[in-house]
Number of protein chains: 2
Amino acid sequence: MKEQSEQTPSITLEDVARLAGVSGMTVSRVLQDHVNVSEQTRAKVQAAVAALGYVPNRLAGALTTAKTRLIAVIVPSLSNIVFPEVLRGANECLEAAGYQAVIGVSDYDLEKEERIIAAMRAWRPSGWILAGLEHTPRALQMLRVVRSPVVEVMDSDGEPIDMAVGFSNTQAGRDTGQFLADTGRRRVGYVGGDLCRDLRAAKRRKGFEQALAENGLELEASFTAQQASSFLLGRAGLAQLLERHPDLDAVYFSNDDMAVGGLMHCMGAGVEVPGRLALAGFNGLEIGEAVPQRLTTIRSPRYRIGQLAAEHILARLAGNAPPLRLDLGYEFITGQTT
Amino acid sequence: MKEQSEQTPSITLEDVARLAGVSGMTVSRVLQDHVNVSEQTRAKVQAAVAALGYVPNRLAGALTTAKTRLIAVIVPSLSNIVFPEVLRGANECLEAAGYQAVIGVSDYDLEKEERIIAAMRAWRPSGWILAGLEHTPRALQMLRVVRSPVVEVMDSDGEPIDMAVGFSNTQAGRDTGQFLADTGRRRVGYVGGDLCRDLRAAKRRKGFEQALAENGLELEASFTAQQASSFLLGRAGLAQLLERHPDLDAVYFSNDDMAVGGLMHCMGAGVEVPGRLALAGFNGLEIGEAVPQRLTTIRSPRYRIGQLAAEHILARLAGNAPPLRLDLGYEFITGQTT
DNA sequence: ATGAAAGCGCTAACAA
DNA sequence: TTGTTAGCGCTTTCAT
């Protein structure tokens, strides 16, 4: 078993300095690739570092410089692949630059997000990445007084605190609604998860309904559950909706997880798609391409959004002024389910 | 635009002390819920904290106490839902205890994992969570000399550095091989991603082949690609395998992403499952339950593993000695694809 | 119950 | 090119 007791004092920069026969400051300079160090000294120091297995203490460094190189990344969920991909994009960029992501998961709960923000402030992150433009008043206040760059991602319908990298969820919903109307659908339903929590899904639905209205249509039926969206929920939701409203000719889903679940219901129950029923989702998940009939959906640039969010933070920290708002748009994918 | 210049010096514990008319030490005691503080003083301090909007600096605290409450979590991938779920389990537990996860992504590359470990040491994490029992010699060395608890997750086939929470991938593969043999399959193929990188998938395949051998069978055909596993790769892989070996009567996939892709190929191409072909996967993803024919697979307790890993670290830090190795097993799901 | 002093390990600023 | 000094913001220890 690993011994926890007897904390051997860790090796410090002073230890390295002593062994190399120089001052601590010189060691610090070598480690920071400072120019004003002679080759000879540099070599001596590097040898001492290697000999002792010295690992710099970033806590101490960050305390002195007041720069942590810690980036707070707060996502609503890790239960489907969407936010992990945002995180992956951000992390790839941050890691390459010597920054470290610290994560928080809000469960689509703005109160919880607020608590996470409050707690994370204590680490003095060099930057913040958050999902969405909606936050509690106190969360907004905290982020406004924070002196580090803040990027809100995955949405562009609203005012950012500082910077935003995303796309219009409302417009995505509109585009889908218009598309279904254009392709002759008239009896349209909706299947979604808990919209009070996923505010971006709510915006898509709102945009969707607007587009229907502009075409003289309205949502005939809707299934929403107080649960997180999922394949099984989409499947069960569509089954239930069709039972009550067998005459629907199109269904819009809150996202692809739900839509793929819906498609699976149709395949299992022999509901002809798109002949009898059209299905449309959102996100552009890979599974939507792998199903026998490619799903009609919208691909959100999730990975790219994460990457750009990180890049914008780094640019700002480097003294540049990247665009405050970036609307990356999205790709409408006309599949075989419409 | 946000002002970056003129760094207003941040509010410190001394500022709070001054306003409350006490010493810094007393403020510190109040913030740590120390017992020896009078109610009156406590109230004064709390009022000052609120008035100034004081946020303690954990960098400074951690530097003094040599306890960061930072937990390094290094996962191989964020490209499918498996490790995000491990991370979710760990984070839920850590967050509740006031710990903070800092993440790294190794891309299934042990060299990269080593670099991440090397870099993360500088933050002096209070604990480490890593995937798998295989690491580079230098990574092993670094983790052995680290004085904080280390938990290796998602595997139990091998020797852990410190603690391990997982299951036997080899046995999972064996069970699947035995099951296919028991159900009369004789011409068995394999479809997987890059096995040099995903070592746990490689163990499953090895166990699978062992079980076949024990039943007088061997793998008739195999498709492996130098890419990450995915739905589309599974679909294309199975298509290719069946083209070359149309007489296969069962295929084992490296995981459920691949297997669901394979099933989609069968549904699209009219390959009768399980009549003509049996399919088996691994992980127990939700999508495997939502497809028209429930996938035969093994559910790995991913969320629970993340949770337990975190709990064990916390227990160790609290002075307890939790079990060094925990084999959580798994659930074999007999679906409708076999 | 409260405070003073010292120091965690590092780097910025200045001096030599 | 190198070293000295001071201090980042906190907590530990010891005193009162």
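Here the structure is a predicted model, which means the values were calculated and not measured. (Residues numbered from 1 in each chain as written. Chains lettered and ligands numbered in written order. Predicted model: local features only at pLDDT ≥ 70, side-chain atom pairs only at ≥ 80, totals over all residues. Heavy atoms only, no water.)

(A) Local environment of the sheet that holds strand β7 (residues 219–224) of chain B. Residue and element names in this part refer to chain B. With parallel pairing, the 4 strands of this open sheet are ordered in space as β7-β6-β8-β9. Because the sheet does not close on itself, it has two edges, and the strands there are β7 and β9 (278–280). Averaged over all adjacent pairs, the angle separating strand axes in this sheet is 20°, with direction ignored. Sheet analysis places strand β6 (residues 188–192) next to β7, joined by 5 bridges and oriented parallel. Across the sheet, the residue bridging to G192 is T224, located in β7. Each of β6, β7 and β8 (250–253) touches helix α9 (residues 199–214); the most contacted strand, β7, lies at about 170° to it. (Pairing = 2+ DSSP bridges. Helix = DSSP H or I, 4+ residues; strand = E, 2+ residues; numbered from the N terminus. Axes fitted to C-alpha atoms, helices over the stretch in contact; angles between N-to-C directions. Contact = heavy atoms within 4.5 Å.)

(B) View of the protein's contact with DNA strand D. Surveying the vicinity of DNA strand D reveals 24 residues, the closest of which are R29 and T41 of chain A together with M25, S28 and Y54 of chain B. The sugar-phosphate portion of DNA strand D accounts for 66% of its atoms within 4 Å of the protein, the bases making up the rest. Take S28 of chain B: an N or O atom from its side chain is 2.5 Å from a phosphate oxygen of DNA strand D. In this structure, a base oxygen belonging to DNA strand D sits 3.1 Å away from a side-chain N or O atom of T64 of chain B. For the surface near DNA strand D, the elements supplying multiple residues, two or more each, are α2 (24–31) and α4 (58–65) of chain A together with α2 (24–31) and α4 (58–65) of chain B. In terms of residues, the surface near DNA strand D owes the most to one element, α4 of chain B, which gives 4 residues. (Near = heavy atom within 4 Å. Polar contact = N/O pair within 3.5 Å; in protein donor to acceptor, adjacent residues only side chain to side chain.)

(C) View of the domain arrangement of chain A. Domain parsing of chain A yields domain 1 (13–56), domain 2 (68–167 + 302–329) and domain 3 (169–299). The C-alpha centroid of domain 2 of chain A is placed 36 Å from the C-alpha centroid of domain 1 of chain A. (Domains from an automatic or database assignment.)

(D) Representation of helix α13 (residues 302–317) of chain B. Residue and element names in this part refer to chain B. Here α13 is 16 residues long and its end C-alpha atoms lie 23 Å apart, about the 22 Å a rise of 1.5 Å per residue gives. Of all 16 residues that make up α13, 12 are buried, and the element is covered over most of its length. Turning to α13, its buried residues number three or more, namely R302, I305, G306, Q307, L308, A309, A310, H312, I313, L314, A315 and R316. Where the residues of α13 are buried, they touch β1 (70–75), α5 (82–96), β3 (127–131), β4 (150–153), β5 (163–166) and β11 (325–327). Directly beyond the C-terminal end of α13, a positive phi value near 95° is found at G319. (Expected span 1.5 Å × (residues − 1). Buried < 20%, exposed > 50% of the residue type's maximum accessible area, 1.4 Å probe, protein only.)

(E) View of the relation of the copies chain B and chain A. In screw terms, the move from chain B to chain A is a rotation of 180° and a rise of 0.0 Å along the axis, fitting with an RMSD of 0.1 Å. Considering both components of the superposition, the chain copies are consistent with a two-fold axis. No C-alpha of chain B approaches the rotation axis more nearly than that of V102 of chain B, which lies at 2.2 Å. (Least-squares fit on C-alpha atoms with pLDDT ≥ 70 in both.)

(F) Quick peek at the pattern of salt bridges. Residues and elements named next belong to chain A. Under the definition given, this model contains 36 salt bridges over all chains. A salt bridge links D15 to R18, with the nearest nitrogen and oxygen atoms 3.2 Å apart. Residue D15 and its partner R18 are located together in helix α1 (residues 13–20), separated by 3 residues, close to a single helical turn. Residue D15 is classed as partly exposed on the basis of its relative accessible area of 23%. The class of R18 is exposed, set by a relative accessible area of 59%. Put simply, K203 and E134 hold a salt bridge, and the shortest N to O gap is 2.9 Å. Within this pair, whereas K203 is found in helix α9 (residues 199–214), its partner E134 is found in the loop between β3 (127–131) and α7 (137–145), the two being separated by 69 residues in sequence. Residue class for E134 comes out partly exposed when judged on its relative accessible area of 24%. (Salt bridge = Lys/Arg side-chain N within 4 Å of Asp/Glu carboxyl O.)

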